[in-house]
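# Fold and contact review
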Amino acid sequence: MAESAIFVWEGTDKQGKKSKGEISSSNPAIAKAELRRQGIVATKVRKKTAGLSLGGGGSIKPADIALFTRQMATMMRAGVPLVQAFEIVADGVDKAKVADLIRAVRNDVSGGSSFAGALRRHPVIFNELFCNLVDAGEQSGSLETMLDRIATYQEKTETLKGKVRKAMTYPIAVLVIALIVSGILLIKVVPQFQEVFAGFGADLPAFTLMVIGFSEFAQAYWFVIALGIAGAISGLIFVHKRSKPFRESLDKMLLKVPVAGNIIEKSSIARFARTLSTTFAAGVPLVDALNSVAGAAGNSVYVNAIYQVRDDVSTGQQLNFSMKTTGVFPNMVIQMVAIGEEAGALDDMLDKSAAYYEEQVDNAVDNLTALMEPMIMAVLGVLVGGLIIAMYLPIFQLGAVVGN
């Protein structure tokens, strides 16, 4: 099956008004056919290259969409009509791109499209889960309640992602800075000491000779080293995007990393429980809900496990039993799901499970940060302090010889 891409289109809607938007499709011909089905005559359809086709003023982030959803829920709960709510929210937004997006959705809705239909014209920003939940809210006549539920889901999801990013970014950033400082010392500072040592007329300590050897290598091949590191990182990113087996192998490996693997595992379980709770409470059928849940899991191991659960559930198995057969879900979550299925309160039990694992991730991130700080200081001490000691060691030895 051909891989889907995002296409930017321009055309006229059912009322003959000029309109534009985005659509996900495998090729332009299918995109045009889908637009015709929606009552749109497309005059231009081109593959989206980079960025958003909505004015300037900063990129649109998930946090911006979460805020937009929360504001729309608040407006509708206050009794403000949908189109007017769009106008009020757009006027109060600081980012020009977000305001343009809201106005584009408002124009589509005022032109006769459903809220979910208008959102589906921007698939890069509003994923299938978001659109399906809004659609369910419109169909059931509880759009304001659904928007509130979506906003809560997005806020908690973004908070969880932020905690995981914090856990991974902090130590990497410090180590990168340490390597850069060490590189500068080897290329710029050590050669100055080397010139001084040349006039000593005595043998240098082995440690100093080793550092000088590293310095000479770095001076001769620093460009090759930098190019190699950049190439390796770019290659990993490229292979990660293109190769599914590589992504799955990397995700399996990450789950086995001490401390960090535990955070990734708990965050995937929290996302699973939170997303399934939100979709199931919205009235989405369980099999369809599991499709959306798989896309939000964040780790290939859990994505594959959720698809296996979906296939088992579609044949009539209970959710808790199918989860148990995958071997990746903890017993507590399985038991909570079993209780929820028996009591007819699956969404409530999943919500409690999500809250528990989100708290576990929060505590694990705090523990990791506390653990990493002394470890990072030790690494910095070894890298930078070791270079300094290697350079001053011959001077100390010379002073001892002179003193005797």
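Residues numbered from 1 in each chain as written. Predicted model: local features only at pLDDT ≥ 70, side-chain atom pairs only at ≥ 80, totals over all residues. Heavy atoms only, no water.

### Digging into the pattern of salt bridges
Scanning the entire structure with this criterion turns up 10 salt bridges. Between Asp148 and Arg70 there is a salt bridge, with its nearest N and O atoms 2.5 Å apart. With Asp148 in helix H7 (residues 143-198) and Arg70 in helix H2 (residues 62-77), the pair connects residues that are 78 residues apart, well separated along the chain. Looking at Asp148, the relative accessible area reads 24%, which means it is partly exposed. The closest approach of N and O atoms between Glu155 and Arg70, which form a salt bridge, is 3.0 Å. Here the residue Glu155 occupies a position in helix H7, and Arg70 occupies one in helix H2, the gap between them amounting to 85 residues. With relative accessibility at 32%, the residue Glu155 sits in the partly exposed group. What makes Arg70 partly exposed here is its relative accessible area of 21%. (Salt bridge = Lys/Arg side-chain N within 4 Å of Asp/Glu carboxyl O. Helix = DSSP H or I, 4+ residues; strand = E, 2+ residues; numbered from the N terminus. Buried < 20%, exposed > 50% of the residue type's maximum accessible area, 1.4 Å probe, protein only.)

### Observations regarding the packing of H2 against helix H3 (residues 82-91)
Across the interface, H2 lies against H3 with an axial gap of 10 Å and an inter-helix angle of 130°. It follows that H2 is oblique to H3 by the angle criterion. Between H2 and H3 the crossing geometry is right-handed. Taking contact as the criterion, the partners of Phe68, Gln71, Met72, Met75 and Met76 in H2 are, on H3, Leu82, Ala85, Phe86, Ile88 and Val89. Looking at the contact of H2 with H3, its residues break down into 9 nonpolar, 1 polar and no charged. (Axes fitted to C-alpha atoms, helices over the stretch in contact; angles between N-to-C directions. Parallel < 35°, antiparallel > 145°, perpendicular 65-115°, else oblique. Left-handed = near helix turned anticlockwise from the far one by under 90°. Contact = heavy atoms within 4.5 Å. Nonpolar A, V, L, I, M, F, W, Y, C, P; charged D, E, K, R; others polar.)

### Thoughts on the packing of aromatic side chains
Throughout the structure, instances matching the rule amount to 9 aromatic pairs. Taking 5.1 Å as the distance between ring centres and 50° as the angle between the ring planes, the aromatic pair formed by Phe126 and Phe130 counts as tilted. Look at Phe217 and Tyr221: their rings are 5.0 Å apart centre to centre, the planes differ by 40°, and that puts the pair in the tilted class. Residue Phe217 and its partner Tyr221 are both found in helix H8 (residues 206-242); the two are separated by 4 residues, about one turn of the helix. (Phe/Tyr/Trp six-rings, centres within 6.5 Å; stacked < 30°, edge-to-face > 60°.)

### Remarks on the nonpolar core
Ranked by internal contacts, the top residues of the largest apolar core, which has 74 residues, are Phe115, Phe126 and Leu319. Looking at which element gives the most residues to this core, the answer is helix H15 (residues 346-403), with 10 residues. For Phe126, the residues in contact, after removing those within four places along its chain, are Ile65, Phe68, Leu101, Val105, Leu119 and Cys131. Core analysis: the next-biggest nonpolar cluster, separate from the first, contains 11 residues, Leu185, Leu186, Val190 and Leu387 among them. (Core = buried A, V, L, I, M, F, W, Y, C linked by side-chain atoms within 4.5 Å.)

Note that all results are geometric; they support no functional claim without further evidence.
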